[in-house]
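# Structure assessment
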Amino acid sequence: MTIDAAAFAPSIPAISIARPTKRGATGLNKSVGHLVMAVLAIFCLFPVYWMIVTSLRPANEVFDTSLWPTAASLDNYVYALNAIPIIEMLGNTLLVSAVVTVVQLFTGLLAAYAFARWRFPFDKLTYTLIALTWLVPFQVVMIPNYLLVADLGLLDSLAALILPHFAAALAILMLAQAMRSFPREVLEAARMDGAKSWRILWEVIAPNLRGTIASLTILIFISTWNEYFWPLLLSRTPENSVIQIGIQMFMTSEGTQWGPLMAASTMASLPILLLYVGLQRQVIQSFMKSGIR
Amino acid sequence: MNRKTFLTGALALLATGVAYPALGQSIPATVDQPVTISYYNYNLASAGNGAEATKRLIAKFEAANPNIKVKGVGASSADITSRIQADVAAGRIPDVVQMVFSDLEFTVDNLGAAALEQIVPETELKAHFEGISPNGLQLGVLNGKTYGLAYTFSTPVLFYNADLFKAAGLDPDNPPKTWAEVKAAGLAITKKTKAEGIATGIFGPSAGDWLFQGVLRSNNGSLMSPDRKTLAFAEPASVEAVAMLRDLYDSGAYTNLDITAAMEAMASGNVGMYLQTSAIQGFLVKGSQGKFDLRASTMPRFGDKPQRPNNSGSALVILSRDPLKRRAAWELMKFMTSKEAYTVITSEIGYLPLRADIVEDPKYLGNWVKEHPLIQPNLEQLRMLERWESFPGPNYRQIQKTMMEGAEMAVFGGTDPAAAMQAAQKSAQAMMPK
């Protein structure tokens, strides 16, 4: 699992392993490697390209296989913006994703600190129970949650979308593991300097768990952004719903409106694409650390 | 676990326990005080014409009935039952809902749907039913009572690509009328063009069983015994209908495409014929515009046997227990099935008009029908429409799924049709109410 105390680890001299290969062979290997990567990159990017191209096609050209539409237009974007309140839905999704991310990190840090630093009755049992909740699919608890938010009078509100995600096993487990690997000497030193738990957590541990926190931020944000079932059950009006529901509204049993759907999808994926572009390294790290959720 | 299965199973238990004290209570003559009713509608869960037209109709209704406020709630047709069950379990019973016909019996047995005869005065009911297609009215009748008032519905139509017909040496003015003719035309298209012969929306995860029921019935097959206790879809007439589809597939005329892929293949001009609900007409028209000549014909029949198409679509059902809300819900139902509403529903959303007298009336659909000849087969079939039957009991969806999986294995999976249908019937019978 994650170890984020690299800064405290003794420095290890870099070891280089000489490869007894000829310069020509190395060059060829490099070229082949680049070619494979270029093909893979095209393979990965093509669906995104196709989404954008389809969003520019008129309805009677949607099924054409040409790489560029004969009469590209932004009509599908205009239609999608008029058909559903995309801007409001994107705003809702952004708000819900941001709040869930912050709250889950906050509760995760508090719980992880308790599990990593303190011994208390049934601590291991509690930790195991939290770990087990990770195995329970959300669909199983969806109806009890629905009844609860209905009782609280929160149906068709953004608060109801956020409430069941206040704490998550993934955040607690990842952070607890990272904190357990944290050098005890540093914590003892902080304690000797008079720091209490609250200060130790926020001023000593949290700044040094930046990598793990960044990874978790990305994972939580993306999974909340892509959440579908819970908003589907909860939402009553498009204005109080999220973008994934909006995209689905272009798919009906009477046919899918591919052009507007792709236009809405392009708009919906922009924030996530920007997140990827800006935080490429952390995104890759986060998937390597925790697996693809 | 499948969400729908979970909801159907778990919440049915909760819902069955609900008592319905107001069942049978008649409604006040008018809505004389402000009231808000919730209206669950699956057109509202879509983007585009269906939602816009529905919103406009609701606004018109509210303007004409200032005391009634309608809160429209969108839920897709596949999810609407699950949503209603969740709300019933949460004690928030919707007042009026648009319910898919295959879910009607479950709604009556488990969710407390009100029979119109029990709550609406007889004279008023009779006056509103006047002019409504009798076949259409029958669709919402269960155990002799009208629980659902047919609202948006359509019939199976054989769409065809007239350009491909010409290229294959077929006469586009004489489309196939029997399954044997469909096979011949399909083979001609596959032989002389690069396109597929015929695709259908009979099978697939979102297909339900409505088209399949029409195929069975057209060969005089049936789903179950008249007392609705014993399944009969493995009887010889039904097996023969399944065997016909298998032969169509084995011959190469019928292509096994996913339900969405089939729709898109037709819209892109890669399939000669396509049997599917008339409700997708708008989608196909958009795809074909400027590309090929799209036409439509009635559902094929078996030799000399009459066509027996059944409907797809939905009915409006009152779930409210409150007499005042029931009156408001009934007023909404009346408006949504009025001549004015059906003019909008047919011309803008694409469903059949339940009131045949508006078809030729220039005040309503007269001019529109002349400009849109694709609706003709649909109107023709309205006269011979049969009901889309729902299976009884809480396992109705599993029974339907078992039947459809057996038939799909027989048609595309290489299993012997009789053996596959008998095995499916045996499994499904165990899920029928005792």
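Residues numbered from 1 in each chain as written. Chains lettered and ligands numbered in written order. Predicted model: local features only at pLDDT ≥ 70, side-chain atom pairs only at ≥ 80, totals over all residues. Heavy atoms only, no water.

Rule in force here: UniProt positions are given in the numbering used here, feature names are shortened, and annotations may be inferred rather than shown by experiment.
In the annotation of an unreviewed UniProt entry, the entry for chain B reads ABC transporter substrate-binding protein, and the organism field reads Microvirga brassicacearum. Its UniProt record gives chain B the following Sequence similarities (unreviewed entry) comment, quoted word for word: "Belongs to the bacterial solute-binding protein 1 family." What UniProt records for chain B under Subcellular location (unreviewed entry) is the sentence "Periplasm".

Under an unreviewed UniProt entry, the name given to chain A is sn-glycerol-3-phosphate transport system permease protein UgpE, and the source organism is Microvirga brassicacearum. Regarding chain A, the UniProt comment filed under Sequence similarities (unreviewed entry) reads as follows: "Belongs to the binding-protein-dependent transport system permease family." Its UniProt record gives chain A a comment under Subunit (unreviewed entry), which states: "The complex is composed of two ATP-binding proteins (UgpC), two transmembrane proteins (UgpA and UgpE) and a solute-binding protein (UgpB)."

### Thoughts on the overall build of chain B
Spelled out, the test is: Numbered from the N terminus, helices here are DSSP runs of H or I no shorter than four residues, and strands are runs of E no shorter than two. For this measure, only C-alpha atoms enter the radius of gyration; the expected value for a globule follows 2.2 Å times N^0.38, where N is the number of residues. Burial classification: accessible surface area is computed with a 1.4 Å probe over protein chains only, and a residue below 20% of its type maximum counts as buried, one above 50% as exposed, and the rest as partly exposed. Here, two residues are considered to be in contact whenever any of their heavy atoms come within 4.5 Å of each other. Only the protein chains shown count as covering a residue, and every accessible area follows the Shrake-Rupley method with a 1.4 Å probe. The charge count includes Lys and Arg as positive and Asp and Glu as negative, but it does not include His or the ends of the chains. For this purpose, a charge sits on NZ of Lys, CZ of Arg, CG of Asp or CD of Glu.
If you tally the helices and strands in chain B, you get 19 helices and eleven strands. Over its C-alpha trace chain B gives a radius of gyration of 22 Å, about what one expects of a compact globule, namely 22 Å for 434 residues. Summarising its shape, the C-alpha atoms of chain B cover approximately 70 × 55 × 35 Å along the three principal directions. Within chain B, the proportion of its 434 residues that are buried is 60%. Partitioning the intrachain contacts of chain B with sequence separation of at least 6 by distance along the chain shows that 77% fall at a separation of at least 24. Carbon and sulfur atoms provide 52% of the accessible area of chain B, an area that totals close to 16300 Å². When the 42 positive and 42 negative side-chain charges of chain B are each reduced to one mean point, those points stand 2 Å apart.

### A look at the environment of Val204 of chain A
Take Val204 of chain A: it is sitting in helix H9 (residues 197-208). Excluding its chain neighbours within four sequence positions, the residues that come into contact with Val204 of chain A are Phe182, Val186, Leu187, Ala190 and Arg199 of chain A.

### A word on the packing of helix H5 (residues 138-151) of chain A against helix H3 (residues 80-89) of chain B
The criterion, for reference: Inter-axis angles, ranging from 0 to 180 degrees, are taken between N-to-C directions of lines fitted to C-alpha atoms, where helices are fitted over the stretch in contact. Every angle not falling under 35 degrees, over 145, or within 65 to 115 is termed oblique; those three ranges are roughly parallel, roughly antiparallel and roughly perpendicular. The crossing is said to be left-handed when, going from far helix to near helix, the turn is anticlockwise and less than a right angle, and right-handed when the turn is clockwise. Polar here means any residue other than Ala, Val, Leu, Ile, Met, Phe, Trp, Tyr, Cys and Pro, which are nonpolar, and Asp, Glu, Lys and Arg, which are charged; Gly is therefore polar.
Direction vectors running N to C along H5 of chain A and H3 of chain B enclose 50 degrees, while the axes themselves pass 9 Å from each other. What the angle tells us is that H5 of chain A and H3 of chain B run oblique. The handedness of the crossing between H5 of chain A and H3 of chain B comes out as right-handed. Between H5 of chain A and H3 of chain B, the contacting residues are Ile143, Tyr146 and Leu147 of chain A on the first element and Arg83, Ala86, Asp87 and Ala89 of chain B on the second. Looking at the contact of H5 of chain A with H3 of chain B, its residues break down into five nonpolar, no polar and two charged.

### Structural notes on the UniProt feature "transmembrane region" (unreviewed entry) in chain A
Residue and element names in this part refer to chain A. In the numbering adopted here, UniProt assigns the feature "transmembrane region" (unreviewed entry) to residues 32-52, 94-115, 127-147, 159-179, 200-225 and 258-279. Helix and strand shares over residues 159-179 are 71% and 0% respectively, and the end C-alpha atoms of the span are 31 Å apart. Overall, residues 258-279 shows 95% helix and 0% strand. The separation of its end C-alpha atoms is 30 Å.

### Considerations on the packing of aromatic side chains
Residue and element names in this part refer to chain A. The criterion, for reference: Centre distance within 6.5 Å is the pairing criterion for rings of Phe, Tyr and Trp, where only the six-membered ring of Trp is used; planes under 30 degrees apart are then read as stacked, over 60 as edge-to-face, and the remainder as tilted.
Overall, the coordinates contain 19 aromatic pairs over all chains when judged by the stated rule. Geometrically, the ring pair formed by Phe46 and Trp50 is stacked, given 5.5 Å between the ring centres and 25 degrees between the ring planes. With a gap of four residues between them, Phe46 and Trp50 both fall in helix H1 (residues 23-55), about one helical turn apart. Look at Trp50 and you get partly exposed, because its relative accessible area is 24%. Residues Phe106 and Trp202 carry aromatic rings whose centres are separated by 5.9 Å and whose planes lie at 10 degrees to one another, so their mutual orientation is stacked. Of this pair, Phe106 sits in helix H3 (residues 86-117) while Trp202 is found in helix H9, placing the two residues 96 residues apart along the sequence.

### Focus: the sheet that holds strand S10 (residues 294-298) of chain B
All names here are of chain B. The line we're drawing: Here, any two strands with at least 2 DSSP bridges between them count as paired.
Here we have four strands laid out as an open sheet, ordered S8-S9-S7-S10, and mixed in their pairing. Each edge of the open sheet is held by one strand with a lone partner, namely strand S8 (196-200) and S10. Averaged over all adjacent pairs, the angle separating strand axes in this sheet is 20 degrees, with direction ignored. Where strand S7 (residues 156-161) meets strand S9 (residues 271-277), five bridges bridge the pair, whose relative direction is antiparallel.

### Comments concerning the sheet that holds strand S2 (residues 68-74) of chain B
Note on sheets: strands pair through backbone hydrogen bonds, and any given pair is parallel or antiparallel. Residue and element names in this part refer to chain B. Taken together, the five strands give an open sheet; going across it, the order is S2-S1-S3-S11-S6, and neighbouring strands pair in mixed fashion. Edge strands, defined here as strands with exactly one partner in the open sheet, are S2 and strand S6 (149-154). Geometrically, the sheet is characterised by an average inter-axis angle of 20 degrees between neighbouring strands, direction not taken into account. With seven bridges connecting them, strand S1 (residues 35-41) and S2 associate as parallel partners.

### Considerations on the pattern of salt bridges
The following threshold applies: Any Lys or Arg side-chain nitrogen found within 4 Å of a carboxyl oxygen on Asp or Glu counts as a salt bridge.
Taken as a whole and assessed by the stated rule, the structure comprises 25 salt bridges over all chains. The partner of Asp87 of chain B in a salt bridge is Arg236 of chain A, and the shortest N-O contact between them spans 2.7 Å. With Asp87 of chain B in helix H3 and Arg236 of chain A in the loop between helix H11 (229-234) and helix H12 (243-248), this pair bridges two chains. Pair check on accessibility: Asp87 of chain B and Arg236 of chain A agree, each one buried.

### Points about the domain arrangement of chain B
A common way to report how large an interface is uses the accessible area buried once the components associate. Residues and elements named next belong to chain B. Condition: Throughout, the edges of the domains are those of an automatic or database domain assignment. Note on terms: buried area is the combined drop in 1.4 Å-probe accessible area of two parts once they are placed together, counting the loss on both. Two N or O atoms count as a polar contact when they lie within 3.5 Å, although within protein this holds only if one can serve as hydrogen donor and the other as acceptor, and sequence-adjacent residues are included solely when both atoms are side-chain atoms.
Its domain assignment divides chain B into domain 1 (3-154 + 312-382) and domain 2 (156-310 + 391-429). Each of domain 1 and domain 2 has a C-alpha centre, and these two points are 28 Å apart. Contact with domain 1, which involves 19 residues of that partner, is made by 25 residues of domain 2. Taken over both partners, the interface formed by domain 1 and domain 2 buries close to 1800 Å², and the fraction arising from carbon and sulfur atoms is 52%. Of all residues in domain 1, Glu105, Leu374 and Gln381 give up the largest surface area on contact with domain 2, accounting jointly for 35% of the area buried on that side. Seen at the junction of domain 1 and domain 2, the total is two salt bridges. The salt bridge involving Glu105 is made with Arg228; its shortest N-O contact spans 2.2 Å. Where domain 1 meets domain 2, there are eight residue pairs in polar contact (both at pLDDT 80 or more). Element by element, the count of residues in the side of domain 1 that touches domain 2 is highest for helix H17 (residues 376-382), at four residues.

### Concerning the packing of H3 of chain A against helix H10 (residues 210-225) of chain A
All names here are of chain A. At their nearest, the axes of H3 and H10 sit 9 Å apart, and the two run at 140 degrees to each other. As the angle between them shows, H3 and H10 are arranged oblique. H10 is crossed by H3, and the crossing has right-handed handedness. Residue-level inspection shows Leu90, Thr93, Leu94, Val96, Ser97, Ala98, Val100, Thr101, Gln104, Leu105 and Leu109 of H3 in contact with H10, the latter providing Ile213, Leu216, Thr217, Ile220, Phe221, Thr224 and Trp225. Residues belonging to the contact of H3 with H10 are distributed by class as follows: twelve nonpolar, six polar and no charged.

### Brief notes about helix H14 (residues 323-336) of chain B
Residue and element names in this part refer to chain B. For clarity, the threshold we go by: An expected span of 1.5 Å times one less than the residue number is assigned to each helix.
When the terminal C-alpha atoms of H14 are compared, their 20 Å separation across 14 residues agrees well with the 20 Å that a helix rising 1.5 Å per residue should span. The buried fraction of H14 amounts to eleven of the 14 residues, a majority that puts the element mostly inside the structure. Residues of H14 that are buried include every one of Leu324, Arg326, Arg327, Ala328, Ala329, Trp330, Glu331, Leu332, Met333, Phe335 and Met336, and no others. The N-cap of H14, judged by a side-chain oxygen 3.2 Å from the amide nitrogen of Leu324 a few residues on, is Asp322.

### Re the interface of chain A and chain B
Listed as interface residues are 32 residues of chain A and, on the opposing side, 36 residues of chain B. Of the roughly 2800 Å² buried where chain A meets chain B, counting both sides, 57% is carbon and sulfur surface. Of all residues in chain A, Phe63, Arg236 and Glu254 of chain A give up the largest surface area on contact with chain B, accounting jointly for 23% of the area buried on that side. Run the count over chain A and chain B and you get two salt bridges. Of the charged contacts in the structure, one is a salt bridge between Asp64 of chain A and Lys291 of chain B, with a shortest N-O distance of 3.2 Å. Counting the contacts that link chain A with chain B gives eleven residue pairs in polar contact (both at pLDDT 80 or more). Of all elements in the fold, only helix H2 (75-83), H5, H11 and strand S2 (255-256) of chain A reach the threshold of two or more residues within the side of chain A that touches chain B. Ranked by residues supplied to the side of chain A that touches chain B, first place goes to H5 of chain A with seven residues.

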